[in-house]
Amino acid sequence: MEKTWRWFGKKDKITLAMLRQIGVEGIVTALHEVPNGEIWTSEAIEDLKTYIESFGLHWSVVESLPVSEPIKYAGAERDALIENYKVSLANLGKAGIKTVCYNFMPVIDWIRTDLQHPWEDGTSSLYFDKVRFAYFDLKILDRKGAEADYSPEELRKVEELDKVITEAEKDELVDAIIVKTQGFVNGNIKEGDKNPVAIFKRLLALYEGIDRATLRENMRYFLSAIMPVCEEHGINMCVHPDDPPFQVLGLPRIVTDEQDIDWFLNAVDNPHNGLTFCAGSLSAGEQNDTRKLARKFAKRTHFVHLRSTKAMPGGNFIESSHLEGRGHLIDLIRIFERENPELPMRVDHGRMMLGDEDKGYNAGYSFHGRMLALAQVEGMMAVVDNELRNGK
Ligand code: DNO
Ligand code: MN
């Protein structure tokens, strides 16, 4: 697989010169400054592409070309937004950038409740705590009907937490769930927005009455509309799985497990309609065996995120080391190196370590932690490639 790295553009403190030194080959990035739904012009694409190439690297994957909310809930602006999306895709294709990651999660992209969950060794990683999430849902959002989504035990723990939680801790929870993990991926809520909870509630209201079946139809509509452009320009679309892969906040989620993946691949059965195999997201679902999924979907996978998680008691999960956990990365590397060795791969998130926290990087996207993970993955890949060369 090609060793790629998510780079957040010219403002990223982790520079392309640094990435070259640590063996990165391809860059994963987006035109982060273009508002959702607007066209990515050829000029802007070429400008960034030339900049990347001036460091001896190349722009391998777009992550993400965001799908605006009205496309997901079928709002009145949907067709106009899809037309813009098609123009952006065509412009990317003309520039030779042919792998495009996106997601189809309504309102909220990936979700964590703790951005710096401490490890014994002094490092930290991202964490999802079911009770803290329930607290956000019940006590901060005050969502109607939310009680039905939690067990009596969880509801009891939420009440206990309510007695001790401070205002500062509440703000931290809001930051983790809807500000710091969202701002740089889907643009719905940005750092510095006043009253993010109110913005978030307005967004949630857009999905009232939209269930899994409707969201699926809207995804089929979107994919069918863009496939001709993808065919013309050789673009491979790859949807990122829902993270975590289960229903949240009354919102439907439709890329969570084997059945869901089968559904969208068959609904628009075209090789350009594929998957981002995010081992971290998929492994956070108890129903998922990443090895089985990789064997089944390797040929329709266009991009790989290597990351692992460990299930913790109470439906919680932690982002673990890349060498452990339910991601089973060594097995996945064996499968993908055999089935689809040209695939671009990135390590996804890493721990915070060695002063990473002082550098203001996006949540999960540390420098040292990701570099360590990349080295671990590189080692695993070297062993697998050696086995393959020796006919094993
Ligand atoms: C989670 C991460 C996310 C991901 C976006 C895609 O696994 O990889 O940052 O890139 O959710 O939309
Ligand atoms: Mn991912």
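Residues numbered from 1 in each chain as written. Chains lettered and ligands numbered in written order. Predicted model: local features only at pLDDT ≥ 70, side-chain atom pairs only at ≥ 80, totals over all residues. Heavy atoms only, no water.

Draft legend 1. Quick peek at the pattern of salt bridges. Taken as a whole, this structure holds 37 salt bridges when the rule is applied. Between Asp162 and Lys139 there is a salt bridge, and its shortest N-O distance comes to 4.0 Å. Here Lys139 lies in helix H5 (residues 130-141) and Asp162 lies in helix H6 (residues 152-164), a separation of 23 residues in the sequence. Here Arg307 and Asp348 are joined by a salt bridge, their closest N and O atoms 2.9 Å apart. With a gap of 41 residues between them, Arg307 in the loop between strand S9 (301-305) and strand S10 (309-312) and Asp348 in the loop between strand S12 (344-346) and helix H14 (368-389) connect regions that are remote in the sequence. With respect to class, Arg307 is no different from Asp348; both count as buried. A single network of salt bridges, built from pairs that share partners, joins Arg6, Glu63, Arg112, Asp243, Arg307, Glu319, Arg346 and Asp348. (Salt bridge = Lys/Arg side-chain N within 4 Å of Asp/Glu carboxyl O. Helix = DSSP H or I, 4+ residues; strand = E, 2+ residues; numbered from the N terminus. Buried < 20%, exposed > 50% of the residue type's maximum accessible area, 1.4 Å probe, protein only.)

Draft legend 2. The coordination of the manganese ion (ligand 2), seen in detail. Within the first shell, the manganese ion (ligand 2) binds the protein through His240 (NE2), Cys278 (SG), His305 (ND1) and Asp348 (OD), at distances of 2.2 to 2.5 Å. If you look at the manganese ion (ligand 2), its 6 donor atoms make angles of 67 to 171° with each other, and the shape they trace is octahedral. Read in sequence order, the donor residues for the manganese ion (ligand 2) give the motif H-x37-C-x26-H-x42-D. One end of the pair, His240, is in strand S7 (residues 236-240); the other, His305, is in strand S9, and 65 residues separate them in sequence. Here His240 matches His305 in class, with each residue buried. (Donors = N, O, S within 2.8 Å, 3.2 Å for Na, K, Ca; no water. Tetrahedral: all angles 85-135°; square planar, octahedral: opposite > 155°, others 65-115°.)

Draft legend 3. Layout of the sheet that holds S12. Pairing is parallel in the closed barrel, where 8 strands are placed in the order S1-S2-S3-S4-S7-S8-S9-S12. In this sheet, neighbouring strand axes are inclined to one another by 30° on average, regardless of whether the strands run parallel or antiparallel. Taken together, the 4 bridges between strand S8 (residues 273-278) and S9 define a ladder with parallel strand orientation. Following the sheet pairing, Thr276 is matched in S9 by Phe303. Along the sheet, helix H10 (residues 258-267) contacts S7 and S8; its crossing angle with S8, the most-contacted strand, is approximately 155°. (Pairing = 2+ DSSP bridges. Axes fitted to C-alpha atoms, helices over the stretch in contact; angles between N-to-C directions. Contact = heavy atoms within 4.5 Å.)

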